[in-house]
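Here is what each chain is made of, one letter per residue.
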Amino acid sequence: MPPTESHSGLRRAGIVIAVIAIVIVVSGIGIRINDHRQMTEWTEEQAIPAVAVVAPTLGEADARIELPGRLEAFARAPLNARVSGYLKTWKADIGTPVKAGQLIAEIEAPDVEQQLLQAEADLASAEANAALAASTAKRWQSMLGRDSVSKQEVDEKAGDLAAKEALAKAARANVERLRTMRGFMRIVAPFDGVVTARNTDIGELITAGGVSGRELFVVSDTRTLRVYVNVPQSYVRRLNMDTKAGITVPEHPGKEYPAAFVASAGAVNIATGTTLLQLTVDNKAGELLPGGYAGVSFELVGGAQALRVPASALIFDQAGLRVATVDAESRVVMKPITIARDHGSFIEIAGGIEATDRVISTPPDGLMGGSAVRVIEPAAKRTNAG
């Protein structure tokens, strides 16, 4: 083969190889560009949070509400001493039923007895002096008619009589006071009830007025009990005098005692946001104990339909209590809400959302209004669809 043809073949072979190499390089670059574009699209798609949405369910608002309360005796009277002395005897221990006026204890107070004897003697002396002054004034008054004495002397005797009568009246009042104090040596029940506390014993030194915060006895009327319960403000308007209520106590599980609505404080406590209500419950059987805990259930009036959302849908931050919803363009819309009642797994909403809203059931951290999201179907729906 001539040299010229050999060189020409080599050139053609080199050109072919070069073209093939260029094609391979260009193809690789295209593939890498396409892969990069796909990776970018995938990354951007993954950056958009995927959320599951639920529709608020419409259900009947609860016709009953259960709240903690406390039981108190209808009447409770701490009995303190009005005279100082020593406890002579007591007639009723804790748990003893008593009648109004029944003797519970006696105090031995010699000082009061001696003061009374002295006061009675002073009264006798004052009455004798007043009687003498009255006789003298009468006699001088008769002598004035015969001009035997002066008008000035008669007036002096009349003034002495008035002074002696005033002293007798003061002495009589002192005797009555001490007799009343002697009556306080007997501690009696102020009303029918039960002795619920005894904080003294025979021989103990009793001080008039008692030690601060300590009473000798406590008598309580437990035939009817008062029930006090703090009701959230949102429920107060649904309670009235016709409201039916029931009481339950831990010591009698499964048994409910009917209670009657009596009064409302008519104001909301600033610290708790609740209103204090008072009920009464019959306790003639003695099954309920004053001072104890009670569960109070009310039958609410004026019930209405309530929207419910999962508890996990709530967002609480510096902007307040809200839920995140998704609009038609798959963007987040934050809506402030008001809670009517917390049931634990779901929440009754008093206002802020509509039944047609798509609520994000579990909003991710950092979710903001206006953010784009990808809505995914619940697992149950995907399973059914498959």
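From a predicted model like this one, the values you see are computed outputs, not experimental measurements.

Caption draft 1: Molecular detail of the overall build of the protein. Helices and strands together make up the secondary structure of the protein, namely 5 helices and 22 strands. Looking at the protein alone, contacts between residues at least 24 apart form 75% of all its contacts between residues at least 6 apart. When the accessible surface of the protein is totalled, it reaches about 23,400 Å², and 57% of it is carbon and sulfur.

Caption draft 2: Structural detail: the packing of aromatic side chains. One pass over the full model with this rule turns up 0 aromatic pairs. The cationic tip of Arg 198 hangs over the ring face of Trp 90; the distance from NZ or CZ to the ring centre is 4.2 Å. A cation over an aromatic ring shows up here: Arg 226 above the ring of Phe 74, its NZ or CZ 4.0 Å from the ring centre.

Caption draft 3: Region of interest: the nonpolar core. Residues Leu 71, Val 229, Val 231, Ile 247, Val 281 and Phe 298 are the most contacted members of the largest nonpolar core, which totals 23 residues. Residue assignment for this core shows that the elements contributing at least two residues are β3 (64-79), β10 (217-232), β11 (244-248), β12 (257-264), β13 (274-282) and β14 (293-299). Counting residues per element, this core draws most heavily on β10, at 4 residues. Those residues in contact with Ile 247 that sit more than four places away from it in its chain are Leu 71, Val 227, Lys 255, Glu 256, Tyr 257, Ala 259, Val 281, Ala 294, Gly 295 and Val 296. Counting 22 residues, the second largest nonpolar core, distinct from the first, contains Val 98, Phe 191, Phe 217 and Val 219.

Caption draft 4: Quick look at the layout of surface pockets. As a volume, the second largest pocket reaches approximately 160 Å³. Residue lining of the second largest pocket: 13 residues in total, with Pro 97, Gly 193, Val 194, Thr 222 and Arg 223 positioned closest to the centre. Residue assignment for the lining of the second largest pocket shows that the elements contributing at least two residues are β5 (97-98), β8 (193-198) and β10. For the lining of the second largest pocket, the element with the most residues is β10, which contributes 3 residues. Of the residues that constitute the lining of the second largest pocket, the class distribution is 4 nonpolar, 4 polar and 5 charged.

Caption draft 5: Quick look at the sheet that holds strand β9 (residues 205-206). The antiparallel open sheet is built from 4 strands, whose spatial order is β7-β6-β4-β9. Each edge of the open sheet carries a strand with a single partner, namely β7 (186-188) and β9. With 4 bridges joining them, strand β4 (residues 85-90) and strand β6 (residues 103-108) adopt antiparallel strand pairing. Paired with Tyr 86 across the bridge in β6 is Glu 108.

Caption draft 6: Geometry of the side chain of Thr 222. By secondary structure assignment, the location of Thr 222 is in strand β10. Judged by its relative accessible area of 17%, Thr 222 is buried. Sequence-distant contacts of Thr 222, defined by excluding residues within four places in its chain, comprise Ala 73, Val 194, Asn 283 and Pro 290.

Caption draft 7: Representation of unusual backbone geometry in the model. Residues other than glycine seldom take positive phi values, yet Ser 330 does so here, at roughly 60 degrees. Residue placement: Ser 330 occurs in the loop between β17 (320-326) and β18 (332-336). For Ser 330, a relative accessible area of 26% puts it in the partly exposed group.

Caption draft 8: Focus on the pairing of strand β16 (residues 314-317). Strand direction decides the pairing type here: β16 and β17, joined by 4 bridges, are antiparallel. Its bridge partner lying in β17, Leu 314 is registered against Val 323. Connecting the antiparallel pair β16 and β17 is a turn made up of 2 residues.

Caption draft 9: Region of the structure containing the pattern of salt bridges. Enumeration over the complete set of coordinates arrives at 12 salt bridges. We note a salt bridge from Arg 182 to Glu 113, for which the minimum N-O separation is 3.9 Å. In this pair, Arg 182 sits in helix α3 (residues 151-183) while Glu 113 sits in helix α2 (residues 110-144), placing the two residues 69 residues apart along the sequence. Judged by relative accessible area, Arg 182 falls into the partly exposed class, the value being 37%. Overlapping salt bridges bring together Glu 120, Glu 176 and Arg 179 as one network.

Caption draft 10: Focus on the environment of Ala 259. Along the chain, the position of Ala 259 falls in strand β12. Spatially, the C-alpha atom of Ala 259 lies 5.2 Å from that of Ala 245, the residues being 14 residues apart in sequence. Apart from residues lying up to four places away in sequence, Ala 259 is in contact with Ala 245, Ile 247, Leu 279, Thr 280 and Val 281.

Caption draft 11: A look at the pairing of β3. Of the pairings in the sheet, the one linking β3 to β14 comprises 7 bridges and is antiparallel in character. What sits directly across from Glu 66, in β14, is Ser 297. Sheet topology note: the β3/β10 ladder contains 10 bridges and is antiparallel. By the bridge assignment, Glu 72 is partnered in β10 with Arg 226.

Caption draft 12: Just α3, in detail. Under the 1.5 Å per step criterion, the end-to-end length of α3 is 48 Å for 33 residues, consistent within 8% with the ideal 48 Å. Within α3, burial applies to Val 154, Leu 161, Ala 168, Ala 171, Val 175, Leu 178 and Met 181. Buried-residue contacts for α3 involve α2.

What counts, and where the lines are drawn
Residues numbered from 1 in each chain as written. Predicted model: local features only at pLDDT ≥ 70, side-chain atom pairs only at ≥ 80, totals over all residues. Heavy atoms only, no water. Helix = DSSP H or I, 4+ residues; strand = E, 2+ residues; numbered from the N terminus. Contact = heavy atoms within 4.5 Å. Areas by Shrake-Rupley, 256 points an atom, 1.4 Å probe, with all protein chains shown as cover. Phe/Tyr/Trp six-rings, centres within 6.5 Å; stacked < 30°, edge-to-face > 60°. Lys NZ or Arg CZ within 6 Å of the ring centre and 35° of its normal. Core = buried A, V, L, I, M, F, W, Y, C linked by side-chain atoms within 4.5 Å. Buried < 20%, exposed > 50% of the residue type's maximum accessible area, 1.4 Å probe, protein only. 1 Å grid on protein atoms, 1.4 Å probe; cavity = no way out; pocket = protein on both sides within 12 Å on 5 of 7 lines; lining within 4 Å. Points joined across faces, edges and corners; volume = space filled by probe spheres on them. Nonpolar A, V, L, I, M, F, W, Y, C, P; charged D, E, K, R; others polar. Pairing = 2+ DSSP bridges. Salt bridge = Lys/Arg side-chain N within 4 Å of Asp/Glu carboxyl O. Expected span 1.5 Å × (residues − 1).

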